[in-house]
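Notes for the structure review
Here are the chains, one letter per residue:
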Amino acid sequence: MIPTPFNLLPEAAVTSLDVKRGDHLFHNGDRTYGLFVARDITVHLVRISEGGEIIMIHRATPGTWFAEASLFSKTYHCDAITQQDGRVFCIDKTAVLSGLQDLEFAKAYCERLSVQVHRARQLREILAIRSAKDRVYAGLIAGLLVGTVIDFAATVSMTHEATYRALRELVAEGKVQNPQRGVYRLQDV
């Protein structure tokens, strides 16, 4: 199913792509051709530092868009690397720009972008928390634990070891439940 608002575009504007873990959807400097929606996978948008280190600048989770800036740029400014086998939607750049002339599409597009901006600001607030335990707890409250704890650790910019320690502390304090290995959820209030 094509996500809103892209379902309002002509059918030919949306391509569903099967991808494998480790595929590059685009590379830094490639000519832009569209934006993407992670259908059922996670995609890391990364840049390489001058020292050769990989810097994750965004983690697109299932159902979220990425590469929106490609609409107004000639080239992509990072690499997009798939983290699992699955599917993404590629949304044609020209069709989106044309769609923005339509009030219904433009409004739906802006509404969806505003949700993503809110989530990005919320994540920025969480990342500013210095205490590992408090950051992990805030991340749980925000619903950021989707997928594995290792993925969650990357989302909250912590090592997985520090994340597991913080989770154990939260379980010991009774704030978090750990009903089975790798599964953590907030304690019912």
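Structure first, text after, so check above.
What you see is a predicted model, and the numbers here were worked out from it, not measured in a lab.

What follows is about the packing of aromatic side chains. For the structure shown, the criterion picks out 10 aromatic pairs. Centre to centre, the rings of F26 and Y76 are 3.8 Å apart; their planes meet at 10 degrees, and the pair counts as stacked. One end of the pair, F26, is in strand β2 (residues 24–26); the other, Y76, is in the loop between β6 (65–66) and β7 (79–82), and 50 residues separate them in sequence. Its relative accessible area of 1% is what places F26 among the buried residues. Since its relative accessible area comes to 3%, Y76 is described here as buried. Pairwise contacts between aromatic rings join F26, Y33, F36, F66 and Y76 into one cluster.

Most of strand β8 (residues 86–92) is tucked away: five of the seven residues are buried. Alignment of strand β1 (residues 14–19) against β8, held across six bridges, turns out to be antiparallel. Bridged to D18 within β8 is R87. In the sheet, strand β3 (residues 34–38) pairs with β8 via five bridges, with the strands oriented antiparallel. Looking across to β8, one finds that L35 is bridged to I91.

We now examine helix α5 (residues 160–172). Given a rise of 1.5 Å per residue, 13 residues ought to cover 18 Å, and the 18 Å separating the end C-alpha atoms of α5 matches this to within 8%. For α5, the complete set of buried residues consists of A162, T163, A166, L167 and L170. Axial view of α5: buried residues confined to an arc of 135 degrees, hence all on one face. Among the exposed residues of α5, those oriented more than 90 degrees off its buried face are R168 and A172. Each element contacted by the buried residues of α5 is listed here: α3 (132–141), α4 (149–155), β9 (176–180) and β10 (183–186). One or two positions beyond α5, positive phi appears at G174, with a value near 80 degrees.

Looking now at the sheet that holds strand β4 (residues 43–48). One open sheet holds the four strands; their spatial order is β2-β7-β4-β5, and the pairing between them is antiparallel. Because the sheet does not close on itself, it has two edges, and the strands there are β2 and β5 (54–60). With direction set aside, neighbouring strand axes in the sheet form an average angle of 30 degrees. As paired elements, β4 and β5 share six bridges and run antiparallel to each other. Bridging across to β5, I48 finds its partner in I54.

All right, on to the layout of surface pockets then. If you add up the space inside the largest pocket, you get close to 1100 Å³. Around the largest pocket sit 35 residues that line it, and I57, H58, R59, A120 and L123 are the ones nearest its centre. Top contributing element to the lining of the largest pocket by residue count: helix α2 (residues 103–127), with eight residues. Class assignment of the residues belonging to the lining of the largest pocket gives a composition of 19 nonpolar, 12 polar and four charged.

Right, let's talk about the sheet that holds β6 for a bit. Strand order in the open sheet formed by four strands is β1-β8-β3-β6, and the pairing between neighbours is antiparallel. Two strands bound the open sheet, and with one partner strand each, they are β1 and β6.

Each value, and the rule that gives it
- Residues numbered from 1 in each chain as written.
- Predicted model: local features only at pLDDT ≥ 70, side-chain atom pairs only at ≥ 80, totals over all residues.
- Heavy atoms only, no water.
- Phe/Tyr/Trp six-rings, centres within 6.5 Å; stacked < 30°, edge-to-face > 60°.
- Helix = DSSP H or I, 4+ residues; strand = E, 2+ residues; numbered from the N terminus.
- Buried < 20%, exposed > 50% of the residue type's maximum accessible area, 1.4 Å probe, protein only.
- Pairing = 2+ DSSP bridges.
- Expected span 1.5 Å × (residues − 1).
- Arc of directions from axis to C-beta.
- Contact = heavy atoms within 4.5 Å.
- Axes fitted to C-alpha atoms, helices over the stretch in contact; angles between N-to-C directions.
- 1 Å grid on protein atoms, 1.4 Å probe; cavity = no way out; pocket = protein on both sides within 12 Å on 5 of 7 lines; lining within 4 Å.
- Points joined across faces, edges and corners; volume = space filled by probe spheres on them.
- Nonpolar A, V, L, I, M, F, W, Y, C, P; charged D, E, K, R; others polar.

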